[in-house]
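# Chain and residue survey
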Amino acid sequence: MNQVFRTTLNDTSIQRRAQVFTILEEICQDLEWTQSQFERARTSYEAVADWLAGSSDPLLASLHVYLHGSGALGTSIKPIGRDEFDVDLISFIAGLGPEIAPGRLKAAVGARLSEHAYYASILEEKKRCWRLDYAGEFHLDISPTIANPRCSNGGELVPDRKMRNWHATNPQAYRALFDKRAAMVPRMTQSIIAMQKDSASIEPFPIRQSVKGILRRTVQLLKRHRDHHFLEFSEEVAPISVIITTLAMKSYEMCVQRHVFADELEVLVDTIRLMPVFIERPLENGRQIYAVWNETTQGENFAERWNDEPARVQAFYDWHAKALADFEGLRDMVGLDTIVGTMKDSFGEKLVARSMNRRMEKLGDSRMSGSLVLGAGIGLTTQKAVASTPVPKNEFFGD
């Protein structure tokens, strides 16, 4: 078993890195659903599923709706500049073969949604799916799928971007694989969050998770870093979430299996570092292509568009280099002001400011209770290090 940390960490370094990782955790919590948003999305999801399942259209017999994408994986984040979360649903119809035209099946799903007065008022047609736009809260994207007779792993077929052919996919097996890898616990000499456990759920709509685990937090942080990084780009070349998620989970698995780490922050950084290793360059019809394969079925290349749009390739590598440098910097930085400044540059000023304001409120409460300490090289904290000095209560209440 290899150790990837470079130097022995003293107490000050351990506390400094713990502070960085804890702030990153708090930033992720800020990016997630509120409890009310979560409950509203769950209720809406269940109602839409019941409505679709109640269709009298023979095409929609044996219909099953389930959650997929970031909502199912537990890696959703709030988009920049708007409050609506993306909620992706699959409308799987058993008993149909690939001879049915994708457009016909999609039209049948849309017709059923249009029969509902409220759904009709918020319904929007997208290229491969139907969207129900719950303005200011979230939107539900509903994609039709059928069974893939060529996949022995329970795979499905989804319409391609041009709605002409069926495209291999396997959302449920992908989720199971991600959950399996997210549950892996790395070997560490100093855990920042002791006995941290992943609480993945296989419920129809996952329970709200309070402890996400390192892999899910890594994906959330990378997605936010990507969103902030590409704000100034006019061309839509940002790497899609499933590429980031797939590369991260493959890298995380390799890291956990092969190495011993200093702490969770080192796991996060090394997971990011190894992500490009899993971008393949196979030959296809005599041409070398880029491939990020879906391991749970055959023929689904998440990087398919890279081969027709080379700007996406360069955009990924440029962004990844910036993300790696930023997270390595956060790992090694000294001084809270410097750390916070870098986080604002990486994730957005307002997001980080909100997290720091909440942190300062907690520190104020800790000072009043007498649990606040001054750590050498890390500033005010509630975590007691060997080299720390208690901070006296502030008992000055003014005139």
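Further up the page is the structure itself.
Okay, so let's go over this structure. (Residues numbered from 1 in each chain as written. Predicted model: local features only at pLDDT ≥ 70, side-chain atom pairs only at ≥ 80, totals over all residues. Heavy atoms only, no water.)

### So, the overall build of the protein chain
Each helix and strand in the protein chain was counted, giving 12 helices and 15 strands. Counting all 399 residues of the protein chain, 51% fall into the buried class. Considering only residue pairs separated by 6 or more positions, the protein chain has 66% of its internal contacts joining residues 24 or more positions apart. (Helix = DSSP H or I, 4+ residues; strand = E, 2+ residues; numbered from the N terminus. Buried < 20%, exposed > 50% of the residue type's maximum accessible area, 1.4 Å probe, protein only. Contact = heavy atoms within 4.5 Å.)

### Quick look at the packing of helix α1 (residues 11-31) against helix α11 (residues 336-347)
When two helices pack together, their arrangement is given by the angle between the helix axes and the distance between those axes. One can describe the packing of α1 onto α11 by two numbers: an axis separation of 12 Å at closest approach and a directional angle of 35 degrees. α1 and α11 meet at a crossing whose hand is right-handed. Facing Q19, V20, I23, L24 and I27 of α1, the residues of α11 in contact are L336, I339, M343 and F347. Among the residues forming the contact of α1 with α11, the class breakdown is 8 nonpolar, 1 polar and no charged. (Axes fitted to C-alpha atoms, helices over the stretch in contact; angles between N-to-C directions. Left-handed = near helix turned anticlockwise from the far one by under 90°. Nonpolar A, V, L, I, M, F, W, Y, C, P; charged D, E, K, R; others polar.)

### So, the pattern of salt bridges
Scanning the model with the defined rule gives 27 salt bridges in all. Put simply, D179 and R175 hold a salt bridge, and the shortest N to O gap is 3.8 Å. With D179 and R175 both in helix α6 (residues 171-182) and 4 residues apart, the pair spans about one turn of that helix. A salt bridge links D179 to R216, with the nearest nitrogen and oxygen atoms 2.7 Å apart. With D179 in helix α6 and R216 in helix α7 (residues 214-229), this residue pair connects regions lying 37 residues apart in the sequence. For the pair formed by D179 and R216, the shared burial category is buried. Through salt bridges with shared partners, a single ionic network connects R17, D263, E266, R331 and D332. (Salt bridge = Lys/Arg side-chain N within 4 Å of Asp/Glu carboxyl O.)

### Description of the nonpolar core
Across soluble globular proteins, nonpolar side chains have a tendency to be buried as a group. Counting residues in hydrophobic clusters, the biggest one holds 59 residues, and the most contacted among them are F327, L330, M343 and F347. Residue assignment for this core shows that the elements contributing at least two residues are α1, α6, α7, α8 (241-258), α9 (264-274), α10 (310-332), α11 and α12 (349-369). Sorting elements by how many residues they give to this core places α8 first, with 9 residues. Filtering out sequence-adjacent residues up to four positions away, M343 remains in contact with V20, I23, L24, I27, L330, G348 and V352. Among the nonpolar cores identified, the runner-up in size contains 36 residues, and V48, Y66, L105 and W130 belong to it. (Core = buried A, V, L, I, M, F, W, Y, C linked by side-chain atoms within 4.5 Å.)

### A few points about the side chain of K106
By the secondary structure assignment, K106 is in helix α4 (residues 102-114). Of note is the side chain of K106, whose polar atom sits 3.1 Å from the side chain of E125. (Polar contact = N/O pair within 3.5 Å; in protein donor to acceptor, adjacent residues only side chain to side chain.)

### What about the packing of helix α2 (residues 35-53) against α4?
Closest axis-to-axis distance for the α2/α4 pair is 9 Å, and the angle between their directions is 110 degrees. Looking at the two axes, α2 sits roughly perpendicular to α4. At the point where α2 passes α4, the crossing takes the right-handed sense. In contact with V48, W51 and L52 of α2, α4 contributes V109, R112 and L113. Classifying every residue of the contact of α2 with α4 gives 5 nonpolar, no polar and 1 charged. (Parallel < 35°, antiparallel > 145°, perpendicular 65-115°, else oblique.)

### Remarks on α2
Along its 19 residues, α2 runs 27 Å from first to last C-alpha, staying within 8% of the 27 Å computed at 1.5 Å per residue. Among the residues making up α2, those that are buried are Q37, F38, A41, S44, Y45, V48, A49 and L52. Burial along α2 is one-sided: seen end-on, the buried residues are contained in an arc of 135 degrees. More than 90 degrees from the buried face of α2, the exposed residues found are S36 and D50. On its buried face, α2 sits against β2 (63-68), β3 (85-93), α4, α5 (117-122), β5 (130-134) and β6 (138-147). (Expected span 1.5 Å × (residues − 1). Arc of directions from axis to C-beta.)

### Focus on the packing of aromatic side chains
Scanning the entire structure with this criterion turns up 12 aromatic pairs. Measuring from ring centre to ring centre gives 4.6 Å for W33 and F85, while their planes differ by 10 degrees; the resulting arrangement is stacked. Of the two residues, W33 sits in the loop between α1 and α2 while F85 sits in strand β3, which places them 52 residues apart along the sequence. You can call F85 buried: its relative accessible area is 1%. Ring centres 5.9 Å apart and planes at 65 degrees place the aromatic pair Y290 and W306 in the edge-to-face group. Here Y290, found in the loop between β12 (287-288) and α10, pairs with W306, found in the loop between β12 and α10; they are 16 residues apart in sequence, far enough to count as distant. A network of ring pairs unites the aromatic residues Y290, W306, F316, Y317 and W319 as a single cluster. Across from the ring centre of W51, 3.7 Å away, lies the NZ or CZ of R112, which sits over that ring. Sitting over the ring of Y290, R281 keeps its end group 3.7 Å from the ring centre. (Phe/Tyr/Trp six-rings, centres within 6.5 Å; stacked < 30°, edge-to-face > 60°. Lys NZ or Arg CZ within 6 Å of the ring centre and 35° of its normal.)

### Regarding the pairing of β5
Taken across its 5 residues, β5 has 4 buried, putting it largely inside the fold. Where strand β4 (residues 123-125) lies against β5, 3 bridges are found, and the strand directions are antiparallel. Residue pairing across strands places E125 opposite W130, the latter belonging to β5. Counting the residues in the hairpin turn of β4 and β5 gives 4 residues. Where β5 lies against β6, 5 bridges are found, and the strand directions are antiparallel. Bridged to R131 within β6 is D141. (Pairing = 2+ DSSP bridges.)

### Side note on the side chain of T75
In this fold, T75 is placed in the loop between α3 (70-73) and β3. Take T75: its relative accessible area is 0%, and that puts it in the buried class. Excluding residues within four positions of it along the chain, T75 makes contact with S70, F178, R216, V219, Q220 and K223.

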